[in-house]
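Fold and geometry: a report
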Amino acid sequence: GSTGIPKMLPRTRRDMEYFIDLACELQELKPSDTTALLGNLWNPTLFTGLNVGAKTVCFDVPRWGAGGLADKMRVEHVTTAMMYPALFRELMATQTPLPDLRCIILIGEALTQDDAEAHARVCAPDAELINIYGSMEFPYLLQWRRRAADAIDFATMPMGREVVPGELHLID
């Protein structure tokens, strides 16, 4: 964990089904999608893609770098990807057009006007950029969504709205 103390959280089948269904809904996944698995921490990508019958492609980011990743995502017609903002920024900096990439989910830090502008340059006008906030245990607490063609009227993207209305209980 972030405190340095290893921890394990029990997950039930019901819990995982809920999590996977929520991730599928968030990305509006369909069997015709191709999801990008960009690292070993992104199990939701693998499970959500399999859940709807989508194709999942594994990418070796350290080996290929951002330029190679962009080229391979284009060849594979990747439609959805979940990544950290640092990789997103490297990918956008290649300026490789990714016309099939209709949904990018970012997690981990605030996004800026520069991020939104880069997204608009590289992706199709209707491509969605989703920034989510939460914990490693349950990342889908808050989300903020924008389309590439939307006006940019912020310096830092808002944290957004709750993904699922309800209550969060933290137990120590």
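All figures in this text were calculated on a predicted structure; none of them were measured in a lab.

Cut-offs used in this document
- Residues numbered from 1 in each chain as written.
- Predicted model: local features only at pLDDT ≥ 70, side-chain atom pairs only at ≥ 80, totals over all residues.
- Heavy atoms only, no water.
- Helix = DSSP H or I, 4+ residues; strand = E, 2+ residues; numbered from the N terminus.
- Buried < 20%, exposed > 50% of the residue type's maximum accessible area, 1.4 Å probe, protein only.
- Contact = heavy atoms within 4.5 Å.
- Areas by Shrake-Rupley, 256 points an atom, 1.4 Å probe, with all protein chains shown as cover.
- Axes fitted to C-alpha atoms, helices over the stretch in contact; angles between N-to-C directions.
- Parallel < 35°, antiparallel > 145°, perpendicular 65-115°, else oblique.
- Left-handed = near helix turned anticlockwise from the far one by under 90°.
- Nonpolar A, V, L, I, M, F, W, Y, C, P; charged D, E, K, R; others polar.

**Topic: the overall build of the chain**
A count of helices and strands for the chain gives 5 helices and 7 strands. Each helix and strand of the chain, ordered N terminal to C terminal, gives the series α-β-α-β-α-β-α-β-α-β-β-β. A total of 172 residues make up the chain; the buried ones form 41% of that total. In the chain, the proportion of contacts linking residues at least 24 apart, taken out of those at least 6 apart, comes to 51%. Surface summary for the chain: the accessible area is close to 9900 Å², and the carbon and sulfur share equals 55%.

**Here we look at the packing of helix α4 (residues 85–93) against helix α5 (residues 113–122)**
As a packed pair, α4 and α5 sit with axes 9 Å apart at the nearest point and diverge in direction by 45°. In terms of orientation, α4 and α5 fall into the oblique class. Of the two elements, α4 crosses α5, and the hand of that crossing is left-handed. Residue-level inspection shows F88, R89 and M92 of α4 in contact with α5, the latter providing D115, A118, H119 and V122. Class assignment for the residues of the contact of α4 with α5 results in 4 nonpolar, 1 polar and 2 charged.

**So, unusual backbone geometry**
Backbone geometry places H77, a non-glycine residue, at a positive phi of 55°. Here H77 is to be found in the loop between α3 (61–75) and β3 (80–83). The phi torsion at Q95 lies on the positive side, around 60°, for a residue other than glycine. Inspection of the secondary structure puts Q95 in the loop between α4 and β4 (103–107). The exposure class assigned to Q95 is exposed, which follows from its relative accessible area of 55%.

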